[in-house]
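Chain by chain, the residues run as shown.
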Amino acid sequence: QMIKTPTPATNTLQKYYKNEEERESMRRSFQQSISAAVLVSLAHKRYERRRLAAMEIEKVVRSYVMTEDYPRVRAILLLLSDDYVRSTNEDARKGGAVALAACAIGLKKANEGRRDVIECRDLILASVVHACQDHSQRVRYYATESLFNVTKVIPSLAVRHFFILFEILRSLYADVDLDVRSGAELLDKKLKEVIVGAINSGSFSADACVPVFARFVYMRNKATKQLTLTWLQEFSEKLVGDPILEFLHLFLGGIFAMIADPNTTIRQLALEFLQLVLPKLLFGNNEDFEDAQQKVDFDKILQSLVLTMEHPDPFVRKVAMYW
């Protein structure tokens, strides 16, 4: 299902143009920065031509970063978004998505503390997110690939806008196109790596995202449930100190319900998660775990288990009884 409502990131584009005159001024700046041949190639039918054009744009952006000429970088990003990502030409939209990832590479070494650098990076994300919602399956595929590259090159951007990325990931994960779903799986792995690393380093908090996952556990959408289960399992396996245990009571009932899910993968993932978490509640062998265990709401966990004992599926009741 495509996300129709604008996100905070996609709204970023709207604040840059004061009027049509400024828009045309930026277009002239863009055309002065990038050769006409590159602009034509960026909308070419052949992928290789579009890729080479994107690489040329990356070089231009990198040169502007070295001279700290961020107004020109912003002009390039805005016109890529306007004239390519939002073009009626499908090949132009593909080229725009690829070029935005190239711009992210060009901005990799920019000073993250500068406001204009933050704005440029936010604009890249806003435009790629827009492309991920395109009606064309091939554009969505290239946009998914670009979002992966942006996440890889600028992980801090993914951390800062995690909830936007996760919403887009949910949509791509359930896409009708197999190639888009395959790309979403790669994006999913990279995003997990970035977020787990950020939480373990203290630059992000499990408190901010686990309660959101708890809401998704109870959704009916198969892809969302499966994706959420993999995130909860990743957090349980890799986060230092097991902070996920503090929120276990919020989604435990939903996990037990998934044991009776019609989908085999979801049933298996739910069982694996329960088998992973139970020993963590029973046995703690380090100080970090003991700190986390002190925050576990065992009363609410027991309440959840009592309610689960009323589940119509006998196997669900059996697992709950074991717990």
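Quick note: structure is the one above.
Since this is a predicted model, take the numbers as computed values, not measurements. (Residues numbered from 1 in each chain as written. Predicted model: local features only at pLDDT ≥ 70, side-chain atom pairs only at ≥ 80, totals over all residues. Heavy atoms only, no water.)

1. A few points about the overall build of the chain
Phase 1: For the chain, the helix and strand inventory stands at 17 helices and zero strands.
Phase 2: The buried share among the 323 residues of the chain stands at 53%.
Phase 3: Contacts in the chain between residues at least 24 apart in sequence constitute 71% of all its contacts with a sequence separation of at least 6.
Phase 4: For the chain, the computed accessible surface area is about 15600 Å², with 52% contributed by carbon and sulfur atoms. (Helix = DSSP H or I, 4+ residues; strand = E, 2+ residues; numbered from the N terminus. Buried < 20%, exposed > 50% of the residue type's maximum accessible area, 1.4 Å probe, protein only. Contact = heavy atoms within 4.5 Å. Areas by Shrake-Rupley, 256 points an atom, 1.4 Å probe, with all protein chains shown as cover.)

2. Quick notes on helix α9 (residues 162-173)
Phase 1: Here α9 contains twelve residues, and its C-alpha end-to-end distance of 16 Å stays within 8% of the 16 Å for a straight helix at 1.5 Å per residue.
Phase 2: Burial analysis of α9 places ten of its twelve residues in the buried class, the great majority of the element.
Phase 3: Turning to α9, its buried residues number three or more, namely Phe162, Ile164, Leu165, Phe166, Ile168, Leu169, Arg170, Ser171, Leu172 and Tyr173.
Phase 4: At its buried positions, α9 is contacted by α6 (115-132), α7 (137-153), α8 (155-160), α10 (178-201), α11 (206-217) and α12 (222-238). (Expected span 1.5 Å × (residues − 1).)

3. Comments concerning the nonpolar core
Phase 1: Formed by 107 residues in total, the largest nonpolar core has its most connected members in Ile57, Leu107, Trp231, Phe235, Phe251, Phe256 and Trp323.
Phase 2: When sequence neighbours within four positions are dropped, the list of residues in contact with phenylalanine 251 reads Val210, Ala214, Val217, Tyr218, Leu232, Ile244 and Phe273. (Core = buried A, V, L, I, M, F, W, Y, C linked by side-chain atoms within 4.5 Å.)

4. Digging into helix α3 (residues 47-66)
Phase 1: An ideal rise of 1.5 Å per residue puts 28 Å on 20 residues; α3 measures up with 29 Å between its terminal C-alpha atoms.
Phase 2: Among the residues of α3, those classed as buried are Arg50, Ala53, Ala54, Ile57, Glu58, Val60, Val61, Tyr64 and Val65. Seen along its axis, α3 keeps its buried residues to an arc of 170°; they face one direction.
Phase 3: In the segment just after α3, glutamate 68 is the residue with positive phi, at about 55°. (Arc of directions from axis to C-beta.)

5. Section: the packing of aromatic side chains
The way to describe two aromatic rings as a pair is by their centre distance and the angle between their planes.
Phase 1: Scanning the model with the defined rule gives 15 aromatic pairs in all.
Phase 2: On the basis of an interplanar angle of 55° and a centroid distance of 5.5 Å, the ring pair of phenylalanine 162 and tryptophan 231 is categorised as tilted. Linking phenylalanine 162 in helix α9 with tryptophan 231 in helix α12, this pair joins segments that are 69 residues apart in sequence. Of the two residues, phenylalanine 162 and tryptophan 231, neither departs from the other in class, the shared state being buried. (Phe/Tyr/Trp six-rings, centres within 6.5 Å; stacked < 30°, edge-to-face > 60°.)

6. A few points about the pattern of salt bridges
Phase 1: For the structure on display, the rule yields 22 salt bridges.
Phase 2: As a salt-bridge pair, glutamate 119 and arginine 115 come within 3.7 Å of each other at their nearest N and O atoms. Taken together, the positions of glutamate 119 and arginine 115, both in helix α6 and four residues apart, correspond to about one turn of that helix.
Phase 3: Judged by its relative accessible area of 66%, arginine 115 falls in the exposed class. (Salt bridge = Lys/Arg side-chain N within 4 Å of Asp/Glu carboxyl O.)

7. Quick notes on the environment of lysine 318
Phase 1: Its location among the elements puts lysine 318 in helix α17 (residues 314-322).
Phase 2: The class of lysine 318 is exposed, set by a relative accessible area of 59%.
Phase 3: Residues lysine 318 and threonine 308, spaced ten residues apart in sequence, show a C-alpha to C-alpha distance of 9.8 Å.

Structural measurements only, silent on function.
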